[in-house]
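# Per-entry structural report
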Amino acid sequence: MGQTRKIPQRKCIVTNEMKPKKELIRIVRNKDGEVFVDETGKKNGRGAYLSRELTVIEKAEKNNVLNRHLNTQVEESIFDELRQLISGKKNEK
């Protein structure tokens with residue numbers, strides 16, 4: 001009996017699509033109120049997931065989706081970091 005491992009699914013807060021956790025980027029607000037990009041997906045805190053697409057990042061920034069989801073003000077630098085992460089990942093593929 002071969003056990004196939006269940007792939008954890010998460011929902012992108014912009015597109016509302018369920019995707020494998022590995023295909024999404026996690027943004028975290030910890031209990032000290034710091035917001036950062038969690039590339040490991042394992043850090044403590046309130047997490048929100050975004051698809052690895054530039055259009056999704058732009059939409060999240062424009063609509064303040066992250067601010068609402070994490071109940072805090074998300075700095076511009078977080079969106080810059082997300083853009084760099086995505087453009088870096090695209091070059092690897």
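Preceding this section is the structure that the text describes.
This section reports on the structure supplied with the text. (Residues numbered from 1 in each chain as written. Predicted model: local features only at pLDDT ≥ 70, side-chain atom pairs only at ≥ 80, totals over all residues. Heavy atoms only, no water.)

The next subject is the overall build of the protein chain. When you go through the protein chain residue by residue, the secondary structure sums to three helices and five strands. The N-to-C order of helical and strand elements in the protein chain reads β-β-β-β-β-α-α-α. Relative to the compact-globule value of 12 Å for 93 residues, the protein chain shows a C-alpha radius of gyration of 14 Å, a close match. By principal-axis analysis of the C-alpha atoms, the protein chain measures approximately 50 × 30 × 20 Å. In the protein chain, which comprises 93 residues, the proportion classed as buried is 37%. Partitioning the intrachain contacts of the protein chain with sequence separation of at least 6 by distance along the chain shows that 46% fall at a separation of at least 24. Accessible surface, the protein chain: about 6,600 Å² in total, of which carbon and sulfur atoms supply 46%. A distance of 9 Å separates the average location of the 21 positive side-chain charges in the protein chain from that of its 14 negative side-chain charges. (Helix = DSSP H or I, 4+ residues; strand = E, 2+ residues; numbered from the N terminus. Rg over C-alpha atoms; globule rule 2.2 N^0.38 Å. Buried < 20%, exposed > 50% of the residue type's maximum accessible area, 1.4 Å probe, protein only. Contact = heavy atoms within 4.5 Å. Areas by Shrake-Rupley, 256 points an atom, 1.4 Å probe, with all protein chains shown as cover. Lys, Arg positive; Asp, Glu negative; His and termini not counted. Charge placed at Lys NZ, Arg CZ, Asp CG, Glu CD.)

Counting residues in each nonpolar core, the largest one holds 23 residues, and the members touching the most others are Ile-27, Leu-50, Leu-66 and Leu-82. Secondary-structure elements contributing two or more residues to this core are β3 (24-29), β4 (35-38), β5 (46-51), α1 (54-63), α2 (65-70) and α3 (76-92). For this core, the element with the most residues is α3, which contributes five residues. Ignoring sequence-local partners within four residues, the contact set of Ile-27 consists of Val-35, Phe-36, Arg-46, Gly-47, Ala-48, Leu-50, Leu-66, Leu-70, Ile-78 and Leu-82. (Core = buried A, V, L, I, M, F, W, Y, C linked by side-chain atoms within 4.5 Å.)

Our next topic: the environment of Phe-79. When you line up the elements, Phe-79 lands in helix α3. For Phe-79, a relative accessible area of 5% gives the class buried. Sequence separation of Phe-79 and Ile-13 is 66 residues, and the distance between their C-alpha atoms is 15 Å.

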